[in-house]
Every structure is written in C-alpha cells, then in structure tokens.
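An overview of the molecular structure
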Amino acid sequence: MFTAKCAMQNIRNVAIVGSGQMGSGIAQVTASSGFNVMLADVNKKALDRAMKAISQSVTHLSKKQKGTDKEKSDFVTLTMSRIKTCNNVSTAVADADLIIEAAIENIDLKRGIFAQIEQSCKKDSILTTNTSSFLLEDVAKGLQDKTRFGGLHFFNPVPVMKLLEVIRSDDTSDETYATLIKFGTAVGKTTVACKDSPGFIVNRLLIPYFFEAARMYERGDASMTDIDEAMKLGAGHPMGPFELADYIGLDTVKFVMDGWAAKYPEVQLFEASPLVDKLVAEGKLGRKTGDGFYSYKK
Ligand code: CAA
C-alpha cells in the first residue's frame, strides 16, 4: 500500500483535533494524499457526521478521476481506510508525527487542547493550529517547546480550495517550518508564507472586505444582490461578499472582527457592523442556520 512520507522530518501519522467542517476537510485531503489520519473529537456525533461528509466528498471526487470504476472505488476504500476516529485527544495524538488542531476559535479552548497534546504526544511531533484569526504566539502561550509549533491555515471547502497558508512564529524552528511546507505540498496545496499577524494574508483582507460590503449596503449605496453580482462579474470572485460570509458563517465572521477590534482598537477597518450584529443576535448565521444575509430555506 502506498504511504506518503514527507521529507525534512518524517511525517506518516497525522492527528487532527476537531472534526467540524475544517477538521473533516483536512482529514480528507490528508488521507487521500496517503497519510494515516487519526481524527479526534470529544463529540462522538460530530465524528460520525464528519466520516459521513468525508465519505460523500471522496466518492464525489473519485467520479471526476480518470480510470476504471474499480480504480475509483479503490480510491474511496483506501482513503477511508486510512482514517481512524477517536474521542480522546491524548490517545489520538500519542503516535502522531504531525498534529493539526482544528477546534473552534476559542483561545482558552485551544490553549487547553495544546496543553493536553504536549503532555501526550511524542517529543519530536510537530504541533500546528488551523486558527484563522489568533496570533500563533497567543495560541502557543502555554507550550513548553515552541520551536516545534507552527500554523497550517486551510480554506473552506478544504478538498476544493488549493491554498494553504503556512505560518511561523518567532519561535518556530527552520526544520519545523520546512517540514510544514513539504507537508502542504504533499497534500496537494500551494503554500504561501506569512508572518504571525492578524488573519495572515487571506482573512486579513477578506474579513474587512465583508464588513465594508455590509457598510456599503447599510449606507444604501447598493443592494446586497448587486454588490454580490458586481464582485462576481466585475472582479471575478466565485461568490460575492454576502454569499461568502453566509457560507463561512456570520458568527465566525463577527467573532473574528470583534476579537481584532478589542485587540487593535486603533485600526478603523476592524469596526463592527450593526447589520452583522443584528443578524447574529437573531441566530441568522448564514447557510448553516438557513438564514443569514440571504434566506436558504426554499
Ligand atoms: N468536497 C468536494 N467537492 C466539493 C465540496 C466539498 N466539500 N464543495 C464543493 N465541491 C465541488 C462541487 O461538488 C463541484 O464539483 P463538480 O464541478 O465536479 O460538480 C465544485 O466543487 C463546484 O461546486 P458547486 O458546483 O457546488 O458550486 P460552485 O461552482 O459555486 O463552487 C465553491 C462552490 C467551490 C464553494 C465556490 O463557490 C468557491 O470557490 N467559493 C469561494 C470559497 C472561498 O472563498 N473559500 C474561502 C473562504 S475563507 C476561509 O475558508 C478561511 C477562514 O478561515 C474563514
């Protein structure tokens, strides 16, 4: 059986902590690239949902591959066979060469997970976070060995989006960083580098852009549908800002912006939007709740 191997430091076994949309997508691309995956979540139902979503997505992607029906079904079977699940984080990371934390954006939760990981993993495992908004130095605050810690920021939907932001903090060693770049290439992504800064490259541009679109609508300059249409047809984006914010989740978008506004009060771009605040307060979080900027209930 083909098993991928990453140069620099040897990566064979990858543990992913958190089985939501991002964690399950990362598990999928990692397994389909030949690595052994341990997908961990304390919530057993979330793990079941993740395995179902991965199976559907791999099956869909296999149909697009060249080759016979048998080769397509072997790809699905092999990919799924490489993914194991576990609801104990300590057990899940024990054999991992690389650990990717993909839990929700809560700094205390992430720090707690890393404390647990550091106690249970091998001495030479590499530890990474998929945080989309926190500084690595904040996530890594409690770690004893920060040289083996870095950031791997994937994009949603992970099986489709080709980019991976690979982030290093001041403490990340050259060997750790080089291994992360190799790993990104091994899972089929194009990697870009960015300093440990709020939102790295993509979210630092994207999140203020959503809020600027909301302000434009709030001022009555243009309708939501026209703003979305304009950015799709005039700027070549696959989705307009309101469609994309609904896709990501308005709670996530607001959470990121509120965090930055509190940490960097001098940056005007990080101002809140009354419209986003209202929608989130009403539980209209985007596609996942059926309502956001748009309604998806029909
Ligand atoms: N798994 C596998 N395939 C998937 C998939 C998934 N989860 N989601 C979509 N696809 C596939 C579809 O099946 C489809 O494949 P076929 O052409 O073979 O049928 C293809 O992707 C295109 O999908 P759709 O036809 O459903 O719709 P679309 O053409 O509008 O594409 C999209 C959907 C890929 C999401 C596209 O609209 C897009 O690229 N949108 C922008 C997404 C984006 O910007 N993501 C980044 C968000 S920011 C982020 O993630 C960072 C963060 O920290 C918040």
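Residues numbered from 1 in each chain as written. Predicted model: local features only at pLDDT ≥ 70, side-chain atom pairs only at ≥ 80, totals over all residues. Heavy atoms only, no water.

The next point concerns the pairing of strand S4 (residues 98–101). The alternating pattern of S4 places Leu 98 and Ile 100 on one face and Ile 99 and Glu 101 on the opposite face, and all of these are buried. With 4 bridges joining them, strand S1 (residues 13–17) and S4 adopt parallel strand pairing. Note that in S4 the partner of Ala 15 across the bridge is Ile 99. Both S4 and strand S5 (residues 126–129) contribute to a ladder of 4 bridges, which runs parallel. Note that in S5 the partner of Leu 98 across the bridge is Ile 126. (Buried < 20%, exposed > 50% of the residue type's maximum accessible area, 1.4 Å probe, protein only. Helix = DSSP H or I, 4+ residues; strand = E, 2+ residues; numbered from the N terminus. Pairing = 2+ DSSP bridges.)

A few words on the packing of helix H8 (residues 202–218) against helix H9 (residues 224–235). Remark: H8 packs on H9, axes separated minimally by 9 Å, with the N-to-C direction vectors making an angle of 135°. Considering the angle they form, H8 stands oblique to H9. The chirality of how H8 crosses H9 is right-handed. Judged by residue contacts, Tyr 209, Ala 213, Met 216 and Tyr 217 of H8 engage Met 224, Ile 227 and Met 231 from H9. Here the residues of the contact of H8 with H9 sort into 7 nonpolar, no polar and no charged. (Axes fitted to C-alpha atoms, helices over the stretch in contact; angles between N-to-C directions. Parallel < 35°, antiparallel > 145°, perpendicular 65-115°, else oblique. Left-handed = near helix turned anticlockwise from the far one by under 90°. Contact = heavy atoms within 4.5 Å. Nonpolar A, V, L, I, M, F, W, Y, C, P; charged D, E, K, R; others polar.)

With that settled, the discussion passes to the layout of surface pockets. Empty space among the atoms becomes visible once a probe the size of a water molecule is rolled across them. By volume, the second largest pocket amounts to about 300 Å³. In terms of lining, the second largest pocket is formed by 16 residues, of which the most central are Val 29, Ser 32, Leu 61, Pro 159 and Lys 189. Among the secondary structure elements, those contributing two or more residues to the lining of the second largest pocket are helix H1 (21–32) and helix H2 (44–64). Among the residues forming the lining of the second largest pocket, the class breakdown is 8 nonpolar, 5 polar and 3 charged. (1 Å grid on protein atoms, 1.4 Å probe; cavity = no way out; pocket = protein on both sides within 12 Å on 5 of 7 lines; lining within 4 Å. Points joined across faces, edges and corners; volume = space filled by probe spheres on them.)

Now for the site of the ligand. If you check the shell around the ligand, you find 18 residues, and the closest are Ser 57, His 60, Lys 64, His 153 and Asn 156. Between a nitrogen atom of the ligand and a side-chain N or O atom of Ser 57, the distance comes to 2.7 Å. Asn 203 places a polar side-chain atom, nitrogen or oxygen, 3.0 Å from an oxygen atom of the ligand. Out of a free accessible area of 1,000 Å², the ligand has 63% covered by protein chains. Elements represented by at least two residues in the shell around the ligand include exactly H2, H8 and helix H10 (241–248). For the shell around the ligand, the residue count by class is 11 nonpolar, 6 polar and 1 charged. (Near = heavy atom within 4 Å. Polar contact = N/O pair within 3.5 Å; in protein donor to acceptor, adjacent residues only side chain to side chain. Areas by Shrake-Rupley, 256 points an atom, 1.4 Å probe, with all protein chains shown as cover.)

With that settled, the discussion passes to unusual backbone geometry. Put simply, Asn 156 and Pro 157 share a cis peptide bond, and its omega is 0°. The topology assignment puts Pro 157 in the loop between strand S6 (149–153) and strand S7 (163–168). Backbone geometry at Phe 200 places phi at a positive 50°, although glycine is not the residue there. Counting through the fold element by element, Phe 200 comes out in the loop between strand S8 (190–195) and H8.

Turning next to the UniProt feature "site: Important for catalytic activity" in the chain. Those places that UniProt annotates as "site: Important for catalytic activity" correspond, in this numbering, to His 153. If near-sequence neighbours (up to four positions away) are discounted, His 153 is found in contact with Asn 130, Thr 131, Ser 132, Leu 163, Leu 164, Glu 165, Phe 200 and Asn 203. Side-chain polar atoms of His 153 contact the side chain of Glu 165, separated by 2.8 Å. (UniProt positions renumbered as here; feature names shortened; annotations may be inferred.)

A few words now on the pairing of S1. By the criterion of burial, S1 is predominantly enclosed, with 4 of the 5 residues buried. Here S1 pairs with strand S2 (residues 36–40) via 5 bridges, running parallel. The residue bridging Val 14 from the neighbouring strand is Val 37, located in S2. For the handedness criterion, the β-α-β arrangement of S1, H1 and S2 is classed as right-handed. (Right-handed = clockwise from strand over helix to strand, strands pointing away.)

Our focus in this paragraph is the packing of aromatic side chains. Taken as a whole, this structure holds 8 aromatic pairs when the rule is applied. For the pair Tyr 209 and Phe 210, a centre-to-centre distance of 5.9 Å together with 40° between the ring planes defines the contact as tilted. Overall, the relative accessible area of 4% leaves Phe 210 in the buried class. In textbook terms, an aromatic cluster arises when at least three aromatic residues are bridged by ring pairs, as seen for Tyr 217, Phe 242 and Phe 293. (Phe/Tyr/Trp six-rings, centres within 6.5 Å; stacked < 30°, edge-to-face > 60°.)

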